[in-house]
Amino acid sequence: MKATPRKFPSVALNYSAKKNGNGSSTDVDENEERLPSNLELVITKIHLRSLLQLGEYSTVLDHCRKNSSGSDPTLNQFAEEEAYALYRLKRYNACREFCENYGIDRKGGVNVSQRGLLHVYAQSLYRLGETRLADEMYRRLLLVGGSDEDEVHVDVDEREDSLSNALANRTANYTSGSLLVYGGERDSKCWLEEDSIILDLLREYSIGVTNDGEEKMDDEDEKVMLQNYDLAYNLATFLLVSSEARPPSVVKQAKELLIHAEKSALTILDSDSNENEESKDDENGGVDAEAKKKLQQKKEKQLKQQKELAEQEAGPIRANLAFSNILLGGEENETEALKTYLTMVTKAAKSGKGTSGIGTQANLLATASNNLAVLRDGKESVFDVLKRIPVTSSLSVSEDQNSGGGGGAATVPLVGATPQQVRTALFNRALQLAKMGNSNGCLETLGVLRASLLISSRGDGNCISGAASVSIGGGTASKKNSAKSKKKKGSGSTTAGGAGEDASGKGSSVENDDVPTAKPSSEMEAIAWNARADWLESELLRLSSQGSKPEKKHMDLVNRAIKTLDEAPKSHASDDASGVLPYTKSQILLHCATVDNPQSKPQPLINALESLPSEILSFPGIIVTLATLYGSCNDNSSTTKAEELFASLGDDISAKLALAEFRLAKGRYDDAVKVLDGLAEEDDSMTAKALLVQALSFADPEKAAELANDLEGAEVINYALDGEALESMEIPRFAKKLGASAAEGGSASKVRKLIETTGGKRGSIIGERKKQNREAILRKRAKRREAYLARLQAEGRYNPDQTPLLKPDPERW
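Everything numeric here is computed off the predicted structure, so don't read it as measured data.

## Observations regarding the overall build of the chain
Point 1. Along the chain, the regular secondary structure elements total 34 helices and seven strands.
Point 2. Relative to its 813 residues, the chain shows a buried fraction of 42%.
Point 3. Pairs at least 24 residues apart make up 66% of the contacts formed inside the chain by residues separated by at least 6 positions.

Pasting the structure below:
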């Protein structure tokens, strides 16, 4: 994500002191020669902001502190410059305290004179992991619900930058399910999505359909160009991260935004480069040949740098485009995502900066590697998937350095990670270790995850105040209530386990620097993450006890997690992220239902779905699944229930398609035609039309054939051939041309001529053997197999009497 602090404008450099003959400064004591105080203040501010543009942050800080107003910080005339210098020096704690001492009111209105300071304050909170308070500061900066008179003072560019940073702040610490219940009722929108700029952006760059059913073209210049593609990128990223609370159409809309953002980033950079080159050509119109050569070399160097910059800008956008393809699903989308991530990882490996990059590029590599692990899960060995998951370290969102961290199996560190990325990587690593049966590694990783939920930042000294070590154990984290959005403080050690012991019964301890900062933005979200850790620990316990006498000890952890989720709203009734609790509870209940029902019988699954919280039970995906399960019961009452559930979804296209498929599966073709007739014109995809052809092929074959011929790009495939017929068919053969040798009559050209003259029929070429009878081939194979098994039996490597036969170990390589 791109969340940059507000930058001060470039200004001309002026001096507030006269120079004597030797160039040194001299104080002016004559009152008549001194500048007016207000003019001197303006000039000094210009000088300080020029130093900020030059990166002289320490110089600015020293000057501001030498000229401070003493004990009253509210009288500091250079507060914005001092706060910004502290921020750029990465002294975020000091910056936050300075802004609060200056008089930033967390709850009151926004003073116009404090807007610049409030920008820096909000960014400091973001870097310190206090994202909830930062969100409130951005809300005040954007004057949501403020008077029209106040809104006049907000510049459009400043408003867009604030929106971009606010979206990045939301995305950095998002927890799945936190938007499902917002403001006391089911709603998937937050205050940011009600902003007029966001609404206009979504409306202008959404996927539209013309009256003819064709998708609108997006190659118009005014449609492609986004002046602030960072805003579009952050908005699309936020929509994708919170996709569990949104319909699938929003994911497509986010993908469309990212496509335009990528085009705009490349177009803007190219146009800037071309304008600079044209202006230089005009200035150097009459230069000689040598100067022109040097100028051309300079242009080529600049063009190369420009392309590298363009790739850096487009990299994160392409990564999130691949992420949108993963969410959309389907073989084609997943293949595109796989290509994108493999390209990123391969380029990083070839450049030699795979594990040594810093900043955005290193974080981009870690993100691509993690998502590649998700795509390859189940298709590669567990060990290979585990190696792809990035290693977390003590670095948080406030850092920009490289550190290896723990878990030497992986080669990709999670650098500059946001809290959301840290929690996800730790959970993914624990999950893969559980699959491998590595109890100690899984429990230790879960302990690190629980400990990281208590830490929002490390302060300016990169250490946890007052904590010596963190004990990693196998139990649930013993949380101590701390002030909201404050850093966890204490003495001694912070225990992240009920007994502080691992599977061997011995406590393990790691240093503070090995625990990353990943504190969620609310207590509700922290409770949800602890419940997920308890669930995974219970699954590890269940897997380790397979084959022995079942004691159901793992259910104690599950029941404790569910009980905690049920009781949490009583003590956190005012938390607007309460939707994360029923979402997490639903995940645990559904997993338990699938584990207890390995045969996938419909009725137990129906009971499990109907026991879900009401906030989750009302979602279309749950309703469609319930209806499908009822339909599979094959009795009249269940079929009637399924019809009622489909009808409750309303007139949504997806709901109608699901109902049509259900009726097709039941053989009710006339009823399916009633649903699909007319829907084919509404749905811009081929799904409804294909289903209508399928239903009509039973109800009205002639009409089905007529409609099939009208389908654009329809292809008739003959499925009458069986396997034997396909095997007996002639294989098409051709010879590839081999460059100049083919043109000169080489061997490839001769083979091609022979195929053309004989038609490629078997036996036409002299000396070719006739095709053998199939029965003869099978007899020959049987003799070879018998001889091979007899040889193995003689060597003692095969026992035909052994039952069951040993299966090869899939992990032997």
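## Topic: the side chain of Gln-421
Point 1. With respect to the secondary-structure elements, Gln-421 resides in helix 17 (residues 419-436).
Point 2. With a relative accessible area of 18%, Gln-421 lands in the buried category.
Point 3. A polar contact of 3.4 Å, which involves the side chain of Gln-421, links it to the side chain of Thr-367.

## A short note on the nonpolar core
Point 1. Core analysis: the largest hydrophobic core is formed by 103 residues, its most contacted members being Leu-117, Tyr-121, Leu-192, Leu-235 and Leu-257.
Point 2. If you tally residues by element for this core, the top one is helix 11 (residues 229-241), at 10 residues.

## Description of the packing of helix 20 (residues 554-571) against helix 21 (residues 580-596)
Point 1. Remark: helix 20 packs on helix 21, axes separated minimally by 10 Å, with the N-to-C direction vectors making an angle of 155 degrees. Taken together, helix 20 and helix 21 sit at an angle that is classed as roughly antiparallel. Judged by the twist between their axes, the crossing of helix 20 over helix 21 is left-handed. Across the interface between the two elements, Val-558, Ala-561, Ile-562, Leu-565, Asp-566, Ala-568 and Pro-569 of helix 20 pack against Leu-581, Thr-584, Lys-585, Ile-588, Leu-589 and Cys-592 of helix 21.
Point 2. By residue class, the composition of the contact of helix 20 with helix 21 is 10 nonpolar, one polar and two charged.

## Description of a negative patch on the surface
Point 1. There is a patch of like negative charges on the surface, built from Glu-331, Glu-332, Glu-334 and Glu-336.
Point 2. Overall, the relative accessible area of 67% leaves Glu-331 in the exposed class.

## Examining unusual backbone geometry
Point 1. A positive phi angle, near 65 degrees, is found at Lys-90, a position not held by glycine.
Point 2. The residue Lys-90 is located in the loop between helix 3 (79-88) and helix 4 (92-102) in this model.
Point 3. Among the residues examined, Lys-90 registers a relative accessible area of 37% and is labelled partly exposed.
Point 4. We note that Ser-600 has phi near 55 degrees; this positive angle belongs to a residue other than glycine.
Point 5. By the element assignment, Ser-600 lies in the loop between helix 21 and helix 22 (602-610).

## What to know about the pattern of salt bridges
Point 1. Taken as a whole, this structure holds 24 salt bridges when the rule is applied.
Point 2. A salt bridge links Glu-130 to Arg-96; the shortest N-O distance between them is 2.2 Å. With Glu-130 in the loop between helix 5 (115-127) and helix 6 (131-141) and Arg-96 in helix 4, this residue pair connects regions lying 34 residues apart in the sequence.
Point 3. For Glu-130, a relative accessible area of 2% translates into the label buried.
Point 4. For Arg-96, a relative accessible area of 10% corresponds to the buried category.
Point 5. Connected through shared salt-bridge partners, Lys-45, Arg-49, Glu-80 and Glu-81 make up one network.

## Some remarks on the packing of helix 3 against helix 4
Point 1. Interhelical geometry of helix 3 versus helix 4 gives an angle of 160 degrees and a closest axis separation of 8 Å. In terms of orientation, helix 3 lies roughly antiparallel with respect to helix 4. The element helix 3 and its partner helix 4 pack so that their crossing is left-handed. Residues Ala-79, Glu-82, Ala-83, Leu-86 and Tyr-87 of helix 3 pack against Tyr-92, Ala-94, Cys-95, Phe-98, Cys-99 and Tyr-102 of helix 4.
Point 2. Grouping the amino acids of the contact of helix 3 with helix 4 by side-chain chemistry returns 10 nonpolar, no polar and one charged.

## Remarks on the packing of aromatic side chains
For any two aromatic rings, the description comes down to two numbers: the centre-to-centre distance and the angle of the planes.
Point 1. A complete count under the given rule lists seven aromatic pairs for this structure.
Point 2. Centre to centre, the rings of Phe-98 and Tyr-102 are 6.5 Å apart; their planes meet at 25 degrees, and the pair counts as stacked. Here Phe-98 pairs with Tyr-102, and both are found in helix 4, just four residues apart, close to one helical turn. Accessibility assignment for this pair places Phe-98 and Tyr-102 in one class, buried.
Point 3. The interplanar angle of 20 degrees and the centroid separation of 6.0 Å between the aromatic rings of Phe-427 and Trp-535 together place this pair among those described as stacked. Residue Phe-427 is located in helix 17, and its partner Trp-535 is located in helix 19 (residues 523-544); the two are separated by 108 residues in the primary sequence. The same class applies to Phe-427 and to Trp-535, which are both buried.

## Considerations on helix 34 (residues 774-794)
Point 1. Its 21 residues place the ends of helix 34 31 Å apart at the C-alpha level, agreeing with the 30 Å of an ideal helix rising 1.5 Å per residue.
Point 2. Where helix 34 terminates, the next one or two residues include Gly-796, which has phi positive at roughly 80 degrees.

## A few points about the environment of Thr-392
Point 1. Mapping Thr-392 onto the fold places it in the loop between helix 16 (382-388) and helix 17.
Point 2. Each C-alpha atom of the pair Thr-392 and Leu-426 lies 7.1 Å from the other, and the pair is 34 residues apart in sequence.

## Here's the deal with a nonpolar patch on the surface
Point 1. A cluster of nonpolar residues, Leu-35, Leu-39 and Val-42, forms a patch on the protein surface that exposes about 230 Å² of accessible area.
Point 2. Its relative accessible area of 36% is what places Leu-35 among the partly exposed residues.

## Quick look at helix 20
Point 1. When the terminal C-alpha atoms of helix 20 are compared, their 27 Å separation across 18 residues agrees well with the 26 Å that a helix rising 1.5 Å per residue should span.
Point 2. For helix 20, the complete set of buried residues consists of His-554, Leu-557, Val-558, Ala-561, Ile-562, Leu-565 and Ala-568.
Point 3. Summarising the contacts, the buried residues of helix 20 are in contact with helix 19 and helix 21.

## Brief notes about the confidence of the model for the chain
Point 1. Per-residue confidence for the chain gives a mean pLDDT of 74, with 66% of residues at or over 70.
Point 2. Mean pLDDT per element in the chain: strand 6 (residues 493-496) is the minimum at 32, and helix 11 is the maximum at 93.
Point 3. Scored below 50 in pLDDT, residues 208-222 shows 18 contacts in the model against residues more than four places distant or in partner chains.
Point 4. With pLDDT under 50 throughout, residues 734-745 is counted as low confidence; its partners more than four residues away or in other chains account for 12 contacts.

## Overview of the environment of Asn-76
Point 1. Note that Asn-76 resides in the loop between helix 2 (57-66) and helix 3.
Point 2. On the accessibility criterion, Asn-76 (8% relative accessible area) is buried.
Point 3. Each C-alpha atom of the pair Asn-76 and Cys-64 lies 8.5 Å from the other, and the pair is 12 residues apart in sequence.

## So, the side chain of Ser-638
Point 1. Mapped onto the elements of the fold, Ser-638 is located in helix 25 (residues 636-647).
Point 2. Residue classification places Ser-638 among the buried residues on the basis of a relative accessible area of 8%.
Point 3. What Ser-638 contacts, discounting residues up to four positions off in sequence, is Tyr-630 and Cys-633.

Basis of the calculations
- Residues numbered from 1 in each chain as written.
- Predicted model: local features only at pLDDT ≥ 70, side-chain atom pairs only at ≥ 80, totals over all residues.
- Heavy atoms only, no water.
- Helix = DSSP H or I, 4+ residues; strand = E, 2+ residues; numbered from the N terminus.
- Buried < 20%, exposed > 50% of the residue type's maximum accessible area, 1.4 Å probe, protein only.
- Contact = heavy atoms within 4.5 Å.
- Polar contact = N/O pair within 3.5 Å; in protein donor to acceptor, adjacent residues only side chain to side chain.
- Core = buried A, V, L, I, M, F, W, Y, C linked by side-chain atoms within 4.5 Å.
- Axes fitted to C-alpha atoms, helices over the stretch in contact; angles between N-to-C directions.
- Parallel < 35°, antiparallel > 145°, perpendicular 65-115°, else oblique.
- Left-handed = near helix turned anticlockwise from the far one by under 90°.
- Nonpolar A, V, L, I, M, F, W, Y, C, P; charged D, E, K, R; others polar.
- Patch = residues over 30% accessible without salt bridge, like charges linked within 9 Å, V, L, I, M, F, W, Y side chains within 5 Å.
- Areas by Shrake-Rupley, 256 points an atom, 1.4 Å probe, with all protein chains shown as cover.
- Salt bridge = Lys/Arg side-chain N within 4 Å of Asp/Glu carboxyl O.
- Lys, Arg positive; Asp, Glu negative; His and termini not counted.
- Charge placed at Lys NZ, Arg CZ, Asp CG, Glu CD.
- Phe/Tyr/Trp six-rings, centres within 6.5 Å; stacked < 30°, edge-to-face > 60°.
- Expected span 1.5 Å × (residues − 1).
- pLDDT = per-residue confidence, 0-100.

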